[in-house]
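Structural characterization, general
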Amino acid sequence: MSFDEIIDRRGTHCAKWDKMEQIYGVPADTGIAMWVADMDFRPPQVVQTALQDMLDHGVYGYFGDDSKYLGAIQWWMENRHGWKIATEWIFTTHGLVNGTAMCVDAFTKPGDGVVLFTPIYHAFARVISAAGRQVVECEMALEGGQYTLDFDAYDAQMTGNETMLIFCSPHNPGGRVWSKSELEDVAAFAKRHDLILVSDEIHHDLVMPGHKHTAMALIEGINDRLVMMTATTKTFNIAGCHSGNVIIPDPKLRAIFAQRVAAMGLSPNSFGLFMATAAYSPEGAAWVDDLVSYLDGNRQIFDAAIQSIPGLQSMSLQSTYLAWVDFSGTGMDRSEFTQRVEKSAEIAANHGPTFGKGGENFLRFNIATPRARVEEACDRLRDAFKDLQ
């Protein structure tokens, strides 16, 4: 496929485009949606073919015999990430926000503290709070334009009431690909404070050239307290199928999680399983390689435009398709720079404070869209801040 093809998603029950005006006040007809983390590209043909085969068959009953589905996950994790897993480790949830909520429900109790290194994906705090647990925000440090982890500060914050750490690897919204030594430090922190470590690795396939993701499960000595979360949804732009994997190597943790799954009567939908099985294939892998190359081109164009505007700084994107832009150098308060983006440039971008402490002066822009649209967004931003240039 051509990632340059403009596909009009308006009027298709698309949250990203059809709720833009309602939430941000950005006009539906002329605005550019750069907020929700899905892509404006069709998935690979192998996924489309799997769905067409379902339609041609025309009977949509209960899914049975998941051996191919589980085998596809095993194949992908070993061939793309060097991680060998057993099929009995895998649970399928209704997406990874649901997977996160299930982990909070299974492994913590009301009133427990759940640690987040902020700023971080906004849905984590939402499900933690909704479950009656306490969000413990450990703010990351900014050094040389990148986030770093200050474990001396985090150790001092711990009260003993914390029972879980939810970690984002690669990081959303900052796009960091954590080094092996950083992951070892995260694992040591979790062990030091007796925390269940939930590692959300949904963006692990979308890593820019020159960087390499390491699965947390490959860090020595952590698997007895580790829950891994992965999915096809971000990688292949099939988030609407609401399918994610919670992968638990430790048998004791696995039994606890399995009990909660059984108690809630959860089972996956067949559309998601067929799509994931097709995606985790050599054809899907080739498509991802092309996608990452295209996203890297978009990244370079967007970053160059942002850096050309005095006072704006785009964090160097090592992974994901989510650019994290710092407006603090403009001297403007949050309402002013946000209004310029939404009213003058007519761009909908995620507001930084929703990601927790440290996000106050940021906006997050989704660049997984045809290049012409990225270039148009760049032109609009330069014009909206032209008085600074």
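Remember, predicted model here, so these are calculated numbers, not experimental data.

1. Concerning the overall build of the protein chain
The helix and strand tally for the protein chain stands at 14 helices and 14 strands. The globule rule puts the C-alpha radius of gyration for 389 residues at 21 Å, and the 21 Å found for the protein chain is close to it. Expressed as lengths along the three principal axes of its C-alpha atoms, the size of the protein chain is roughly 60 × 60 × 40 Å. Burial statistics for the protein chain: of 389 residues in total, 56% are counted as buried. Taking contacts inside the protein chain between residues at least 6 apart in sequence as the whole, the part at least 24 apart equals 73%. Entry remark: accessible area of the protein chain is about 15900 Å², with carbon and sulfur atoms responsible for 49%. For the protein chain, the distance from the average position of its 32 positive side-chain charges to the average position of its 49 negative side-chain charges is 2 Å.

2. A closer look at the pattern of salt bridges
Counted under the stated rule, the structure contains 21 salt bridges. Asp105 is paired through a salt bridge with Arg260; the nearest N and O atoms lie 2.7 Å apart. Within this pair, whereas Asp105 is found in helix H5 (residues 96-107), its partner Arg260 is found in helix H10 (residues 251-264), the two being separated by 155 residues in sequence. Take Asp105: its relative accessible area is 30%, and that puts it in the partly exposed class. One continuous salt-bridge network, built from bridges that share partners, spans Arg9, Lys16, Asp38, Asp40 and Arg373.

3. Some thoughts on the UniProt feature "domain: Aminotransferase class I/classII large" (unreviewed entry) in the protein chain
Sites flagged by UniProt as "domain: Aminotransferase class I/classII large" (unreviewed entry) map to residues 43-381. Counted over residues 43-381, helix gives 43% and strand 18%. Its end C-alpha atoms are 29 Å apart.

4. What to know about the packing of helix H12 (residues 282-307) against helix H14 (residues 371-384)
Packed helices, taken two at a time, are described by the angle between their axes plus the distance between the axes. Here H12 crosses H14 at 10°, and the two axes come no closer than 9 Å. If you check the angle between H12 and H14, you find them roughly parallel. Two secondary-structure elements touch here, H12 through Tyr294, Gly297, Asn298, Ile301, Phe302, Ala305 and Ile306 and H14 through Arg371, Val374, Glu375, Cys378, Leu381 and Arg382. In the contact of H12 with H14, the residues fall into 8 nonpolar, 2 polar and 3 charged.

What counts and how
Residues numbered from 1 in each chain as written. Predicted model: local features only at pLDDT ≥ 70, side-chain atom pairs only at ≥ 80, totals over all residues. Heavy atoms only, no water. Helix = DSSP H or I, 4+ residues; strand = E, 2+ residues; numbered from the N terminus. Rg over C-alpha atoms; globule rule 2.2 N^0.38 Å. Buried < 20%, exposed > 50% of the residue type's maximum accessible area, 1.4 Å probe, protein only. Contact = heavy atoms within 4.5 Å. Areas by Shrake-Rupley, 256 points an atom, 1.4 Å probe, with all protein chains shown as cover. Lys, Arg positive; Asp, Glu negative; His and termini not counted. Charge placed at Lys NZ, Arg CZ, Asp CG, Glu CD. Salt bridge = Lys/Arg side-chain N within 4 Å of Asp/Glu carboxyl O. UniProt positions renumbered as here; feature names shortened; annotations may be inferred. Axes fitted to C-alpha atoms, helices over the stretch in contact; angles between N-to-C directions. Parallel < 35°, antiparallel > 145°, perpendicular 65-115°, else oblique. Nonpolar A, V, L, I, M, F, W, Y, C, P; charged D, E, K, R; others polar.

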